[in-house]
Amino acid sequence: MAEASRWHRGGASKHKLHYRKEVEITTTLQELLLYFIFLINLCILTFGMVNPHMYYLNKVMSSLFLDTSVPGEERTNFKSIRSITDFWKFMEGPLLEGLYWDSWYNNQQLYNLKNSSRIYYENILLGLPRVRQLKVRNNTCKVYSSFQSLMSECYGKYTSANEDLSNFGLQINTEWRYSTSNTNSPWHWGFLGVYRNGGYIFTLSKSKSETKNKFTDLRLNSWITRGTRVIFIDFSLYNANVNLFCIIRLVAEFPATGGILTSWQFYSVKLLRYVSYYDYFIASCEITFCIFLFVFTTQEVKKIKEFKSAYFKSIWNWLELLLLLLCFVAVSFNTYCNIQIFLLLGQLLKSTEKYSDFYFLACWHIYYNNIIAITIFFAWIKNMFLAIINDTYSEVKADYSIGRRPDFELGKMIKQSYKNVLEKFRLKKAQKDEDKKTKGIGDLAEQARREGFDKNEIQKAEQMKKWKERLEKKYYSMEFPDDYQPVTHEQFRELFLYAVELQKELHQFEAKSSGEKGFSSMVLRQVESFCKKKATEEFSMKIFLQFSSVMRNKKLVITKSLHFQSS
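Quick caveat: nothing in here was measured; it's all calculated off a predicted structure.

1. Details of the packing of helix α5 (residues 277-307) against helix α6 (residues 315-350)
Where α5 meets α6, the axes come as close as 11 Å, and the angle between the chain directions of the two elements is 145 degrees. Relative to α6, the crossing made by α5 is left-handed. In contact with E286, F289, C290, L293, F296, T297 and E300 of α5, α6 contributes E320, L324, C327, F328, V331 and N334. Within the contact of α5 with α6, the residues separate by chemical class into eight nonpolar, two polar and three charged.

Set out below in structure tokens:
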């Protein structure tokens, strides 16, 4: 990925700086282009796995099993269940009618009952639906002594420690006997707790009448008790027209306070990944993504070896590492999901006489979708950083925006105006003479000793002189450099303080000169306004070199003007 920062290196010649700058600009543009291609590839992977059919399939199924009401005036549906009576009405009404579609609208039989049901005539019911209950033991909570005569039983909230594992009721079939889990499905996170796999389980029949009799028998024999804490209804569908699996889970939680809370999950996923030409295009994008991941990882490893501990001091480098970590997690999830689909899908499709647990595959597919969504979020954060924050990109923008504007020539125009003033007053002399006079005037310490100032003032003047000489030697040049160089915060501070000191000296000279005061003040305001604007917008060394050069030339003009008037 493109570098998060650039190191400022001084001391190089003008030719080398210019060559280095061209190399950095070229490298940065290449890295930005490479990252842009990576971002496009990631977007294709993210949005290429979803399509509008997923939304419509979820909408149709949720309308059938959630919104369909019991016939009559009660209008009870799954969303409105609040009691055990409402629950059994839903099981024997909308659920039963929604699962079994064995005839056309004209009552003509569609197929042999040995085959699976076809919901809405297009969606094949895979295997048999399953109903599962989890309970808690009695005395999992404590009744206050004053109420023990009124209530001897106490069923607390569901936890794995409070779960009831004993048989109950008729104890003749699986629905009355506790069964351990034989699937790898994750635990369910509901409103009231996290529920384990296993429980009191039974599967529905392929016959609608047999299933209805089963529901009636369970209701009459009180399959739902005071200890019941949750009931899951799981089944899966496949639509060949759009090549989508729809995994459905309806959940009814029974809190210790009484009543029922309902929730649901509808997962439309594409488990048969590579069927059409578009699917193979997505596969090629996945391979490209892995190649990008290898290249970016190699780049970051080289950076860590080069900068060592300094690499971890930048927050943007941590963003780089986070993005790489998310990419590796996404690749791992996708690989694991494809392997499990390859190993399990064939077996699940053959299991027509029992429950087919597609929920496990759907969950891992959803995990992959979630991690790739988080990845693309941080990838766009990184993209905005490259476009706005990156220092090298700012240099490129400055080279192509500032360097071609008329404002860029303002420093040279001001410098030429001072030369014209020198020629007008006939003050243009040899450079050696000007340096000698400037040095004589700027020797603040010697003047302080001759005029009888105390030691503190003399020491302060000497320190000021050394400080100015060091900055002049470090930064100052009579010619403006062609290279656009960034400055650090420390250099910014030094240059700014140096400009302030020059301005103070100019005000002292202006107090002695009445003829040049109006002109110099006007130019000074223009320079200050120009420099403040540029310093804010571009933060460059070139602007401050212009500022210091103009200030020194201005000081020289006023000094020579005073000498000319006195002579």
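2. As for the side chain of E253
Mapped onto the elements of the fold, E253 is located in strand β7 (residues 244-253). Of the side chains with opposite charge, R229 lies nearest to the buried E253, which makes no salt bridge, at 9.4 Å. In terms of polar contacts, E253 uses its side chain to reach the backbone amide nitrogen of F191, at 2.8 Å. Excluding anything up to four places from it in sequence, E253 contacts G190, F191, L192, G193, Y195, R229, V230, G259, I260, L261 and S263.

3. Looking at the pattern of salt bridges
Considering all chains together, one arrives at 13 salt bridges under this definition. When the shortest N-O distance is used, the salt bridge between D234 and R249 registers 2.6 Å. With a gap of 15 residues between them, D234 in strand β6 (residues 228-239) and R249 in strand β7 connect regions that are remote in the sequence. For the pair D234 and R249, one class covers both residues: buried. Salt bridges sharing common partners tie together R130, D234 and R249.

4. As for the state of the cysteines
Covalently bonding the sulfur atom of one cysteine to the sulfur atom of another cysteine gives a disulfide. Here the structure, examined in full by the defined rule, presents one disulfide. Disulfide pairing places C141 opposite C154 at an S-S distance of 1.6 Å. Judged by the torsion about the S-S bond (-115 degrees), the C141/C154 disulfide is left-handed. Of this pair, C141 sits in the loop between β2 (123-135) and β3 (188-189) while C154 sits in the loop between β2 and β3, and the two are 13 residues apart along the sequence.

Reading guide: rules and limits
Residues numbered from 1 in each chain as written. Predicted model: local features only at pLDDT ≥ 70, side-chain atom pairs only at ≥ 80, totals over all residues. Heavy atoms only, no water. Axes fitted to C-alpha atoms, helices over the stretch in contact; angles between N-to-C directions. Helix = DSSP H or I, 4+ residues; strand = E, 2+ residues; numbered from the N terminus. Left-handed = near helix turned anticlockwise from the far one by under 90°. Contact = heavy atoms within 4.5 Å. Nonpolar A, V, L, I, M, F, W, Y, C, P; charged D, E, K, R; others polar. Buried < 20%, exposed > 50% of the residue type's maximum accessible area, 1.4 Å probe, protein only. Lys, Arg positive; Asp, Glu negative; His and termini not counted. Salt bridge = Lys/Arg side-chain N within 4 Å of Asp/Glu carboxyl O. Polar contact = N/O pair within 3.5 Å; in protein donor to acceptor, adjacent residues only side chain to side chain. Disulfide = S-S within 2.5 Å.

In short, geometric facts, not functional conclusions.
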